[in-house]
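So you can see what is in the structure, the chains are spelled out below.
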Amino acid sequence: MSSIGTGYDLSVTTFSPDGRVFQIEYAAKAVDNSGTVIGIRCKDGIVMGVEKLIASKMMLPGSNRRIHSVHRHSGMAVAGLAADGRQIVARAKSEATNYQSVYGEPIPVKELAERVASYVHLCTLYWWLRPFGCGIILGGYDRDGPQLYMVEPSGISYRYFGAAIGKGKQAAKTEIEKLKLSEMTCREGVIEVAKIIYKVHDEAKDKAFELEMSWVCDESKQQHQKVPDFLLEEAKAAARTALEEMDAD
Amino acid sequence: MDLNMDLNAPHSMGTTIIGVTYNGGVVLGADSRTSTGMYVANRASDKITQLTDNVYVCRSGSAADSQLVSDYVRYFLHQHTIQLGQPATVKVAANLIRLLSYNNKNMLETGLIVGGWDKYEGGKIYGIPLGGTLIEQPFAIGGSGSSYLYGFFDQAWKEGMTKDEAEQLVVKAVSLAIARDGASGGVVRTVVINSEGVTRNFYPGDKLQLWHEELEPQNSLLDILSSPSPEPMNI
């Protein structure tokens, strides 16, 4: 699975003989160790969901938010090192407000994704900076419709119909591929995301988790916001039922 | 007669500029007089300047100030278009102009009308007068000649005109302003911008309709050489 890059992995400014930059790959490992984060693009908007692994029973539910609004029309879900994620979110917010001041319109999601990606990439170019240990799922709704982007620690950014990062990403991707996203509304999407997160959560390895979800769609008037409580409860209930049905088989 | 013409006065464009939306795009119009004090430095200037393929700006006030502002914005918009991967919107162009006008209001003296077409909003007109306000309007007028057009537009303007109606309205309005404003004159230039592209038109000053008490234009004293009467200077 992983190969030790003895000697070539000490600095992000060193290539290995087979053309890899190990430090960036190690940064991606940090993302893989975090709770699953998924995002899907439905026909009328974006839904994002996070499997927030609870470190201690003493933590207040609803704290340690993993999904942040970047601008009125867009939001970001972060996987990996939380503190690194905070930096990236702050930068994205700053880029978005700056664009709005200069150009007089909300930043197109494509442009925002490019700026976040080049910021993340920046930190892979200098020996005195370490790469960000986070994966970002960015969802937004602008004049060109709803768009979903994913940014990796290497600085690569692609546009997706559905994306998953973190522990359960392989299983989550399989589940997402089964969905007919182009026909799904965000209301339905919220239920599906919850089901997937519950499904990929490993009861054995990780104890408790909290489900955090957000959306930006026609129903939310193209504003990025937390999924309304009643819908969130409905989604959790549906997900639990689905799990039980599976266990019952 | 005042022989003390200040030939070193800054070039100003007395000007009449107009921008009008119609059903499908915009029509921009302007006169062509650039004056240095009382002397007409350029009687055929082009006050409608291109910013991008789909956005143009009408300039008034100080010629130098308006040219520089346009040049900067053209440069910013060019970069913006490359980054965005698609044509800039009219709103973005207008906002960039506004930022320069507002932030340098103590040093600049220029009133601008930005007009264009983009695929999201269609035809749009934005007026950016002296202080740097940005205001989106169905039509906008500016320059010294515009004072004589407020009443005219109140009566003649209507929503949803056709392209030809809009252009005729603009030409008529500029022509009326030229008749009354000493700082406006020359020819009428128009630019029509819509989804199909940009069309420039030219209406020579002597072919414009004559208004109340206007005299027939006399093109050149050379004309009298071919006339039957051998008396020059006899008007």
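Note that the structure is predicted; figures quoted are calculated from it, not measured.

Analysis parameters
- Residues numbered from 1 in each chain as written.
- Chains lettered and ligands numbered in written order.
- Predicted model: local features only at pLDDT ≥ 70, side-chain atom pairs only at ≥ 80, totals over all residues.
- Heavy atoms only, no water.
- Pairing = 2+ DSSP bridges.
- Helix = DSSP H or I, 4+ residues; strand = E, 2+ residues; numbered from the N terminus.
- Contact = heavy atoms within 4.5 Å.
- Axes fitted to C-alpha atoms, helices over the stretch in contact; angles between N-to-C directions.
- Buried area = accessible area lost by both parts, 1.4 Å probe.
- Salt bridge = Lys/Arg side-chain N within 4 Å of Asp/Glu carboxyl O.
- Polar contact = N/O pair within 3.5 Å; in protein donor to acceptor, adjacent residues only side chain to side chain.
- Nonpolar A, V, L, I, M, F, W, Y, C, P; charged D, E, K, R; others polar.

1. Re the sheet that holds strand β9 (residues 209-217) of chain A
Residue and element names in this part refer to chain A.
Here is step 1 of the chain: Strand order in the open sheet formed by five strands is β8-β1-β2-β9-β10, with antiparallel pairing between adjacent strands. Where the open sheet ends on each side, the last strands, each with one partner, are β8 (162-165) and β10 (225-226).
Here is step 2 of the chain: In terms of strand pairing, strand β1 (residues 37-42) meets β8 through four bridges, oriented antiparallel. Counterpart to I38 in the pairing with β8 is A164.
Here is step 3 of the chain: Strand contacts of helix α4 (residues 169-178): β1 and β8, with the helix running at about 165 degrees to β8, the strand carrying the most contacts.

2. Concerning the interface of chain A and chain B
Here is step 1 of the chain: Every contact between the two is made by 14 residues of chain A and, on the other side, 12 residues of chain B.
Here is step 2 of the chain: Here chain A packs against chain B, burying approximately 1100 Å² in sum over the two surfaces, 44% of which is carbon and sulfur.
Here is step 3 of the chain: Counting the surface chain A buries against chain B, the share from its top three residues, Y103, E111 and R143 of chain A, is 46%.
Here is step 4 of the chain: When the shortest N-O distance is used, the salt bridge between R143 of chain A and E121 of chain B registers 2.9 Å.
Here is step 5 of the chain: Run the count over chain A and chain B and you get seven residue pairs in polar contact (both at pLDDT 80 or more).
Here is step 6 of the chain: Ranked by residue count, the leading element in the side of chain A that touches chain B is helix α2 (residues 82-103) of chain A, at five residues.
Here is step 7 of the chain: Broken down by class, the residue content of the side of chain A that touches chain B amounts to four nonpolar, three polar and seven charged.

3. Overview of the sheet that holds strand β3 (residues 25-30) of chain B
Residue and element names in this part refer to chain B.
Here is step 1 of the chain: Spatial ordering of the open sheet is given by β11-β2-β3-β12-β13, a layout of five strands whose pairing is antiparallel. Single-partner strands in this sheet number two, and they are β11 (139-142) and β13 (197-203). Neighbour to neighbour, the strand axes of the sheet diverge by 15 degrees on average, direction disregarded.
Here is step 2 of the chain: With six bridges joining them, strand β2 (residues 17-22) and β3 adopt antiparallel strand pairing. In the strand pairing of β3, T21 is matched with V26.
Here is step 3 of the chain: Sheet strands in contact with helix α4 (residues 163-180) are β2, β3, β12 (188-194) and β13, and its direction is about 155 degrees off that of β12.

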